[in-house]
Amino acid sequence: MTYAIIGFGKIGQALAKAFARSGIEVSVATTRDPESFASEAAAIGPGIIPKTLTDAIKADVIFLAVRFEAHAGVAKALSDWKGKIIVDVTNAYGLPLEILGEQPSARVIANAFAGAKVVKGFNHLVAGILEQDPDIHGGKRVVFLASDDEDASRQIGTLAENLGFAPINLGRLSEGGLLVQARGNKWGHLIFKDLVKFN
């Protein structure tokens, strides 16, 4: 499997640090020229590879770590996302529900990335927590996952474990997934919950 992170702000860099810590190579891209953020990528680790958006989206698994409002621009980079897993790390806090068509924000992402399997995940922790080593107090920091595709959820769960986290599957996007999705000016009940799982 190959991996990419689209968006290299605080959350994108926090994810990149998790990959670097685990020695897993990942491409990083924005709408800017890769040279403009190459030094930041190099500072995180040698396995963090700056690429153009066009090259980065060739990956099998793509972490969407942009502002929610920017997702449509990324989605236009391919006409068919079939065969790819999109990990939706966005948060649609503050957006009127009418803009979302009264749907969960992850469902809007799924509609935009036609053909992709979408997993909501890694979005409930702030960047300063997400970038920390998930081995904490003798346990593993929890990440919540939700998807309408069980196989995609299982694959991202395995990746989360390889990154050192303890994945917890919340079920479908419009069911348990609502716990990690903002609705209007309200955060889902599990957003910002920094939990640790002990064996």
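Parameters and conventions
For every chain, the first residue of the written sequence is number 1, and numbering continues from 1 along that sequence. Restriction of local features to residues with pLDDT of at least 70 applies here, the model being predicted, together with a cutoff of 80 or more for giving and counting side-chain atom pairs; totals for whole chains, interfaces and linings are based on all residues. Neither water nor hydrogens contribute to the side-chain values; these are computed over all heavy atoms in the structure. The distinction between a cavity and a pocket rests on a 1 Å grid over the protein atoms alone: a 1.4 Å probe fits inside a cavity but cannot get out, while a pocket stays open yet meets protein on both sides within 12 Å along at least five of seven lines, and a residue with an atom within 4 Å of a point counts as lining. Grid points are joined across faces, edges and corners, and a volume is the space filled by probe spheres set on the points. Polar here means any residue outside two lists: the nonpolar Ala, Val, Leu, Ile, Met, Phe, Trp, Tyr, Cys and Pro, and the charged Asp, Glu, Lys and Arg; Gly therefore counts as polar. To count toward a patch, a residue needs a relative accessible area over 30% and no salt bridge; like charges are then connected within 9 Å, while nonpolar side chains (Val, Leu, Ile, Met, Phe, Trp, Tyr) are connected within 5 Å. With residues, only the protein chains shown are counted as cover, and all accessible areas are computed by Shrake-Rupley using a 1.4 Å probe. The rule for a salt bridge is simple: a side-chain nitrogen of Lys or Arg has to be within 4 Å of a carboxyl oxygen of Asp or Glu. A helix here means a DSSP run of H or I that spans at least four residues, while a strand means a run of E at least two residues long, and both kinds are numbered starting from the N terminus. Exposed residues in this analysis have more than 50% of their type's maximum accessible area, buried residues have under 20%, and partly exposed residues fall in between, with area computed by a 1.4 Å probe over protein chains only. We call a set of buried residues a nonpolar core when its members are Ala, Val, Leu, Ile, Met, Phe, Trp, Tyr or Cys and they connect through side-chain atoms within 4.5 Å of each other. By the convention used here, residues are in contact when the closest approach between their heavy atoms is within 4.5 Å. Working definition: a ring pair exists when centres of Phe, Tyr or Trp rings (six-membered ring for Trp) sit within 6.5 Å. Plane angles under 30 degrees give stacked, over 60 give edge-to-face, the rest tilted. Two strands make a pair as long as DSSP finds a minimum of two bridges between them. For crossovers, right-handed means that the path from the first strand over the helix to the second runs clockwise, given strands pointing away from the viewer.

Trainee: So, the layout of surface pockets: which residues are in play, and what are the values?
Mentor: In this structure, the largest pocket encloses a volume near 380 Å³. Lining the largest pocket are 22 residues; nearest its centre among them are Ile11, Val66, Arg67, Val89 and Asn91. Counted by class, the lining of the largest pocket contains 13 nonpolar, six polar and three charged residues.

Trainee: Please give an account of a nonpolar patch on the surface that cites residues and values.
Mentor: Where nonpolar side chains cluster on the molecular surface, the patch consists of Tyr93, Val126, Trp187 and Phe192 and spans about 380 Å² of accessible area. Following the sequence through the fold, Phe192 ends up in the loop between strand S9 (166–169) and strand S10 (196–197). Residue class for Phe192 comes out partly exposed when judged on its relative accessible area of 45%.

Trainee: Account for the nonpolar core, with residues named and values stated.
Mentor: In this structure, Ile5, Phe19, Phe63 and Phe122 are the most contacted members of the largest nonpolar core, which totals 34 residues. With five residues, helix H1 (residues 10–22) is the single largest residue contributor to this core. In contact with Ile5, not counting residues within four places along its chain, are Gly12, Leu15, Ala16, Phe19, Val26, Ser27, Val28, Ala29, Phe63 and Ala65. Ile6, Ala59, Val108 and Ala116 belong to the second-largest nonpolar core, a separate cluster that totals 24 residues.

Trainee: Would you mind going over the packing of aromatic side chains in detail, with residue names and values included?
Mentor: Remark: the centre distance and the inter-plane angle together describe each pair of aromatic rings, the angle taken between the planes. Per the stated rule, a full pass over the model turns up eight aromatic pairs. Relative to Phe37, the ring of Phe8 has its centre 5.6 Å away and its plane inclined at 45 degrees; by these criteria the two rings are tilted. With a gap of 29 residues between them, Phe8 in the loop between strand S1 (3–6) and H1 and Phe37 in the loop between strand S2 (26–29) and helix H2 (38–44) connect regions that are remote in the sequence. Note on accessibility: Phe8 and Phe37 belong to one class, buried. Measuring from centroid to centroid gives 5.8 Å for Phe122 and Phe165, while their planes differ by 90 degrees, and the two rings are edge-to-face.

Trainee: Can you explain the pairing of strand S8 (residues 139–147)? Please cite residues and give values.
Mentor: Most of S8 is tucked away: eight of the nine residues are buried. Where strand S7 (residues 135–136) and S8 come together, two bridges link them in antiparallel fashion. Within S8, the residue paired with Ile136 across the bridge is Gly139. Across two bridges, S8 lies against S10 in antiparallel orientation. Paired with Arg141 across the bridge in S10 is Val196. Sheet topology note: the S8/S9 ladder contains four bridges and is parallel. If you follow Val143 over to S9, its bridge partner there is Pro167. In this fold, the crossover linking S8 to S9 by way of helix H7 (residues 150–162) has right-handed handedness.

Trainee: Can you break down the pattern of salt bridges residue by residue, with the values?
Mentor: Under the defined criterion, the tally for this structure stands at 10 salt bridges. Residue Arg172 pairs with Asp148 through a salt bridge whose shortest N-O separation is 3.7 Å. Note that Arg172 is positioned in the loop between S9 and S10 and Asp148 in the loop between S8 and H7, a separation of 24 residues in sequence. When its relative accessible area of 28% is taken as the criterion, Asp148 is described as partly exposed.

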